[in-house]
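# Observations on chain architecture
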Amino acid sequence: MRIIGNPEHAAHDPPFEILDGQVVPYFELPRRVTIIADALAAAGFPAPEPPRAAGLEPVKAIHDSDYVEYLRTAYAAWVAEGRSPAAVMPSALPLRGLRTATRSAQGRAGIYCFDLSAPIVAGTYGAARVSADAALTGAELLLEGERAAYALCRPPGHHAARDMAGGYCYLNNAAIAAHQLARGERSGGDFWGMRPAVVAVLDIDFHHGNGTQAIFYERSDVFFVSIHGDPHREYPYFLGFADERGARAGEGYNLNLPLPAGVNDAAYMASLETALEAIAGYGPSYLVISAGLDTFDGDPLGDFKLSTSCYARIGARIAQLGLPTLFVQEGGYAIDALGSNVVSLLSGFEARA
């Protein structure tokens, strides 16, 4: 399995976030990448290779141009306005009935962010761009005939919507890669409107991939499936309910499987079976996995109870679909177990591929 890294990820290192009303150290640490890479090396996986530079076109195919430009310029504008150089952090959000015409750096921070867990520092935009390049490189490898690839993306992406950051996410790596795969398949002679989904995205992060869902909600060429903590009690709260099935051309191409607290290995595998049966029924050509490991027992940001060995079973069952598969790293904050969990997932897949 080819491994693609992000050599610029460490430049994104916010000093804090605001979680549950408290200022806390940032959970999405640069050390996560080192831990994963070291564990993969110890398990015999190849060293991460640098991503290919893809430019802005595939990013802007998913994200609004104004939003991408905001990410590029937000930190400099914030500092130029005399604000703290620690991080760009919104203090007001333009909810219902409010206008978004402000030119203030503080006001614009609220326009383009939906929570307080995506601060922007000087290196955020560069790191996010290269993270997207890593996912795009993985997609291109599949289009070139590789059976599987793993993009060690940081920052992660599945909470980022077309024009909003949130939940540690700025550019939606999995969505950008899925669009590239769908476009590549169509350019090969298939027209997506005349066949089932070209690409399936399976999100196994503890938190619902609200950004990915929103991006593809009215499209029929990408089938989105998410297994996650019930939004009645868990972030992101406002998407991820079971009755969200897609709209217009995308109706029926969205499947959410929200689960209760305390889900163990057996219960999770049962939901995974439902997800994979649905994916198989759509007959996609490619599979993208939003690979969050915060379903692990003891993760500080989740309340599932999965064991390290369960990830090998998850990987093996995914492999049984027989699809070219791109794993895109998302969450996972139980630092001591993170490397072992990623190795378990990818090793389980490779053992059955």
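In short, a report on the structure. (Residues numbered from 1 in each chain as written. Predicted model: local features only at pLDDT ≥ 70, side-chain atom pairs only at ≥ 80, totals over all residues. Heavy atoms only, no water.)

## Some words on the overall build of the protein
Helix and strand content of the protein: 10 helices and nine strands. Relative to a compact globule of 353 residues, whose C-alpha radius of gyration would be 20 Å, the protein shows 19 Å and is just as compact. Over its C-alpha atoms, taken along the principal directions, the protein stretches across nearly 55 × 45 × 40 Å. Out of the 353 residues in the protein, the part that is buried amounts to 58%. Across the protein, the fraction of contacts at a sequence separation of at least 24, relative to all contacts at a separation of at least 6, is 77%. For the protein, the exposed surface amounts to about 13300 Å²; the carbon and sulfur share of it is 54%. Taken together, the 26 basic and 39 acidic charged side chains of the protein have centroids lying 5 Å from each other. (Helix = DSSP H or I, 4+ residues; strand = E, 2+ residues; numbered from the N terminus. Rg over C-alpha atoms; globule rule 2.2 N^0.38 Å. Buried < 20%, exposed > 50% of the residue type's maximum accessible area, 1.4 Å probe, protein only. Contact = heavy atoms within 4.5 Å. Areas by Shrake-Rupley, 256 points an atom, 1.4 Å probe, with all protein chains shown as cover. Lys, Arg positive; Asp, Glu negative; His and termini not counted. Charge placed at Lys NZ, Arg CZ, Asp CG, Glu CD.)

## A few points about the pairing of strand 6 (residues 222–229)
The element strand 6 is largely enclosed, with a buried count of eight among its eight residues. Direction of pairing for strand 5 (residues 199–203) relative to strand 6: parallel, over a ladder of five bridges. Residue pairing in the sheet places Ala200 in a bridge with Phe223 of strand 6. The pairing of strand 6 with strand 7 (residues 254–259) spans six bridges and is classified as parallel. When the bridges of strand 7 are listed, Ser226 appears paired with Asn256. (Pairing = 2+ DSSP bridges.)

## Some details on helix 3 (residues 65–80)
A rise of 1.5 Å per residue sets the reference length of helix 3, with its 16 residues, at 22 Å; its end C-alpha atoms lie 22 Å apart and thus fit the reference within 8%. Bending of helix 3 peaks at approximately 50° at the position of Thr73. (Expected span 1.5 Å × (residues − 1). Bend = angle between axes of the 7 residues up to and from the residue.)

## Looking at the packing of aromatic side chains
What the rule picks out here adds up to 12 aromatic pairs. Here the aromatic rings of Tyr70 and Tyr112 are separated by 4.6 Å at their centres, their planes lie at 25°, and the arrangement is stacked. Of this pair, Tyr70 sits in helix 3 while Tyr112 sits in the loop between helix 4 (105–111) and helix 5 (124–143); the two residues are 42 residues apart in sequence, bridging distant segments of the chain. An identical accessibility class is assigned to Tyr70 and Tyr112; each is buried. Consider the rings of Tyr253 and Tyr282, whose centres lie 5.1 Å apart with planes at 55°: the pair is tilted. With Tyr253 in the loop between strand 6 and strand 7 and Tyr282 in helix 8 (residues 265–282), the pair connects residues that are 29 residues apart, well separated along the chain. Counting every residue linked through ring pairs, the aromatic cluster contains Phe114, Tyr235, Tyr237 and Phe238. Across the ring face of Trp78, the terminal group of Arg83 is positioned such that the distance to the ring centre comes to 5.5 Å. (Phe/Tyr/Trp six-rings, centres within 6.5 Å; stacked < 30°, edge-to-face > 60°. Lys NZ or Arg CZ within 6 Å of the ring centre and 35° of its normal.)

## Here's the deal with the environment of Val201
In this structure, Val201 sits in strand 5. On the accessibility criterion, Val201 (0% relative accessible area) is buried. Residues Val201 and Ala175 lie 26 residues apart in sequence; the distance between their C-alpha atoms is 8.1 Å.

## Concerning the sheet that holds strand 5
Spatially, 1-4-9-8-5-6-7 is the arrangement adopted by the seven strands of the open sheet, whose pairing is parallel. Looking at strand neighbours, the two that pair on one side only are strand 1 (2–4) and strand 7, the edges of this open sheet. Ignoring strand direction, the axes of neighbouring strands in this sheet form an average angle of 15°. Examined bridge by bridge, strand 5 and strand 8 (residues 286–291) share five bridges and lie parallel to one another. Of the residues in strand 8, the one forming a bridge with Val201 is Val288. Sheet strands in contact with helix 8 are strand 5, strand 6, strand 7 and strand 8, and its direction is about 175° off that of strand 6. (Axes fitted to C-alpha atoms, helices over the stretch in contact; angles between N-to-C directions.)

## A few points about the packing of helix 9 (residues 308–319) against helix 10 (residues 335–352)
Direction vectors running N to C along helix 9 and helix 10 enclose 35°, while the axes themselves pass 6 Å from each other. Here helix 9 runs over helix 10; the crossing is right-handed. Between helix 9 and helix 10, the contacting residues are Thr308, Ser309, Tyr311, Ala312, Ile314, Gly315, Ala316, Ile318 and Ala319 on the first element and Ser340, Asn341, Ser344, Leu345, Gly348, Phe349 and Arg352 on the second. Looking at the contact of helix 9 with helix 10 residue by residue, the classes come out as eight nonpolar, seven polar and one charged. (Left-handed = near helix turned anticlockwise from the far one by under 90°. Nonpolar A, V, L, I, M, F, W, Y, C, P; charged D, E, K, R; others polar.)

## As for unusual backbone geometry
At the junction of Arg154 and Pro155, the peptide bond is cis and its omega measures out at 5° in the coordinates. With respect to the helices and strands, the residue Pro155 is situated in the loop between strand 4 (148–151) and helix 6 (173–187). At Asp20, a residue that is not glycine, the phi angle is positive and equals roughly 55°. Mapped onto the fold, Asp20 is located in the loop between strand 2 (17–19) and strand 3 (22–24). Residue Asp20 is classed as exposed on the basis of its relative accessible area, which comes to 70%. Not every positive phi belongs to a glycine, and Tyr237 is a case in point at roughly 70°. You can see Tyr237 is positioned in the loop between strand 6 and strand 7. For Tyr237, a relative accessible area of 36% puts it in the partly exposed group.

## Thoughts on the pattern of salt bridges
Under the definition given, this model contains 13 salt bridges. With a shortest N-O distance of 2.8 Å, Glu49 and Arg2 are connected by a salt bridge. Of this pair, Glu49 sits in the loop between helix 1 (31–42) and helix 2 (57–60) while Arg2 sits in strand 1, and the two are 47 residues apart along the sequence. Here Arg2 falls in the partly exposed class, since its relative accessible area comes to 27%. Here the residues in one salt-bridge network are Arg2, Glu49 and Glu146, joined through shared partners. (Salt bridge = Lys/Arg side-chain N within 4 Å of Asp/Glu carboxyl O.)

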